[in-house]
Amino acid sequence: MGTSNRLFGYLESRKNITGSVCGLAGVGITLTGAAGGLWPLVIGGLYAAGALIAPPERPDTPSFPSADEQLDALRADFATLRAYLTEVELPPSARERLTALDTLIEALLEPGWVSDPEHLHVLARAVRQDVPEAVDTFVRTRWWSRFTPGGEPPEAHLERQLTALHEEATAIAAALRDAEAIRQEIHTRYVEERGT
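Since the structure is predicted, the reported quantities are computational estimates derived from the model, not experimental observations.

## Focus: the overall build of the protein chain
Tallying secondary structure elements over the protein chain gives seven helices and zero strands in all. Secondary structure elements of the protein chain, listed N to C terminal, follow the sequence α-α-α-α-α-α-α. On C-alpha atoms alone, the protein chain measures out to a radius of gyration of 32 Å, which is more than a quarter above the 16 Å that the 2.2 N^0.38 rule sets for 196 residues. With respect to the principal axes defined by its C-alpha atoms, the protein chain has extents near 100 × 65 × 25 Å. Counting only residues that meet the buried cut, the protein chain has 23% of its 196 residues in that class. Residue pairs in contact within the protein chain that sit at least 24 positions apart in sequence constitute 73% of those at least 6 positions apart. Surface accessibility of the protein chain: about 13,600 Å² in total, with carbon and sulfur atoms responsible for 61%.

## Let's talk about the pattern of salt bridges
Two side chains with opposite charge may pair up if their charged atoms get near one another. This structure, assessed with the given rule, holds ten salt bridges. Through salt bridges with shared partners, a single ionic network connects R82, D102 and E106.

## Things to note about the packing of helix α4 (residues 67-87) against helix α5 (residues 92-108)
Relative to each other, α4 and α5 sit at 165°, their axes nearing to 12 Å. The angle between α4 and α5 falls in the class roughly antiparallel. Judged by the sense of rotation from one axis to the other, the crossing of α4 with α5 is left-handed. The segment α4 lies against α5, with F78, R82 and L85 engaging R95, L98, D102, I105 and E106.

## Structural notes on the packing of helix α2 (residues 14-32) against helix α3 (residues 39-53)
Close contact between α2 and α3 brings their axes to 7 Å; oriented N to C, the two are set at 150°. The orientation of α2 relative to α3 falls into the category roughly antiparallel. Relative to α3, α2 is oriented so that their crossing is right-handed. Facing K15, N16, T18, G19, S20, C22, G23, A25, G26, V27, I29 and T30 of α2, the residues of α3 in contact are W39, V42, I43, L46, Y47, G50, A51 and L52.

## Structural notes on the side chain of N16
In this fold, N16 is placed in helix α2. Residue contacts for N16: discarding those within four places in its chain leaves Y10, L11 and Y47.

## Structural notes on the confidence of the model for the protein chain
With 93% of its residues at a pLDDT of 70 or more, the protein chain shows a mean pLDDT of 84. For the protein chain, per-element mean pLDDT is lowest for helix α1 (residues 2-11), which scores 73, and highest for α5, which scores 91.

## A look at the environment of P111
Within the secondary structure, P111 sits in the loop between α5 and α6 (117-145). Relative accessible area serves as the criterion here: at 59%, P111 is assigned to the exposed category. Considered as a pair, P111 and L71 are 40 residues apart in the sequence and their alpha carbons are 8.0 Å apart.

## Structural notes on a nonpolar patch on the surface
Taken together, the side chains of L7, F8, Y10 and L11 make up a nonpolar region of the molecular surface, amounting to roughly 400 Å² of accessible area. Mapping L7 onto the fold places it in helix α1.

## A closer look at the nonpolar core
Among the nonpolar cores identified, the biggest contains 32 residues, and I105, L108, L123, V131 and L158 are the most heavily contacted of them. Mapped onto this core, the elements with two or more residues apiece are α4, α5, α6 and α7 (154-195). Looking at this core, the element that brings in the most residues is α6, giving ten residues. Sequence-distant contacts of L158, defined by excluding residues within four places in its chain, comprise L90, A94, A134, V135 and F138.

## Observations regarding the side chain of D102
Relative to the elements of secondary structure, D102 occurs in helix α5. Within the structure, D102 has its side chain in polar contact with the side chain of R82 (distance 2.7 Å). Not counting the four nearest positions on each side in its chain, D102 is found in contact with F78 and R82.

Calculation notes
The numbering scheme is per chain: residues are counted from 1 as the chain's sequence reads. A pLDDT threshold of at least 70 governs which residues receive local features in this predicted model, and a stricter bar of 80 or more applies before side-chain atom pairs are shown or counted, although totals over entire chains, interfaces and linings include all residues. Only hydrogens and water are set aside; all other atoms, that is, all heavy atoms of the structure, feed into the side-chain values. Each helix corresponds to a stretch of at least 4 residues labelled H or I by DSSP, and each strand to a stretch of at least 2 residues labelled E; elements are numbered beginning at the N terminus. For the radius of gyration, the atoms used are the C-alpha atoms, and the globule rule reads 2.2 Å times the number of residues raised to 0.38. For the exposure calls, accessible area comes from a 1.4 Å probe over protein chains only, and a residue counts as buried if that area is under 20% of its type's maximum, exposed if over 50%, partly exposed in between. Should any heavy atoms of two residues lie within 4.5 Å, those residues are counted as being in contact. In short, Shrake-Rupley with a 1.4 Å probe defines the accessible areas, and a residue's cover is counted only from the protein chains shown. Any Lys or Arg side-chain nitrogen found within 4 Å of a carboxyl oxygen on Asp or Glu counts as a salt bridge. Axis angles are defined between N-to-C directions and span 0 to 180 degrees, where every axis is a line fitted to C-alpha atoms and, for a helix, only to the segment in contact. When an angle is under 35 degrees it counts as roughly parallel; over 145 it counts as roughly antiparallel; between 65 and 115 it counts as roughly perpendicular; any other value is oblique. Whether a crossing is left-handed or right-handed is set by the direction in which the near helix is turned from the far one by less than a right angle, anticlockwise for left-handed and clockwise for right-handed. Confidence of the predictor at the level of single residues is given by pLDDT, which spans 0 to 100. Patch rule: a residue counts if its relative accessible area is over 30% and it has no salt bridge; like charges are joined within 9 Å, and nonpolar side chains (Val, Leu, Ile, Met, Phe, Trp, Tyr) within 5 Å. In plain words, nonpolar cores are sets of buried Ala, Val, Leu, Ile, Met, Phe, Trp, Tyr and Cys residues tied together by side-chain atoms within 4.5 Å. Two N or O atoms count as a polar contact when they lie within 3.5 Å, although within protein this holds only if one can serve as hydrogen donor and the other as acceptor, and sequence-adjacent residues are included solely when both atoms are side-chain atoms.

Here you go:
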């Protein structure tokens, strides 16, 4: 099976096509009578020369998902995360911070905002790893904290984690806001200078 795939691959290759074109030129030379009795050598030699001078095959460039495709996948994961978070019982202060973070991430995931791969990576990490892990760790630790009183409450850790994640998402929003302000300023300058 592997040999036949390689054979078909060679038949479609640049080397075979170029060699075949040169071999056809050899057939043309033979038909004119210029090759004489050496016509098999002329056709074979021209085919071999064409196959040798043809550029080598280049592998196809890998296709990676575009930012829009990545955002669509991230939005689907965010919907799954939201469904999970509605089922989890959280203290009111942690729920409030989680709601603020949820609202901010939802706004950032709207089409047309996040296109920077670094920002997309931060949001993907928050949705797919950080928030679920923080909440799951709280749920598991809360159960154990009933047996070990006196330690730092797990609610405090969850709130600190959610605050840090909110600050990270706020930094992305600020960067987007700054980029839009610069874009607007540049366009204003362009329009004003064009009028003079």
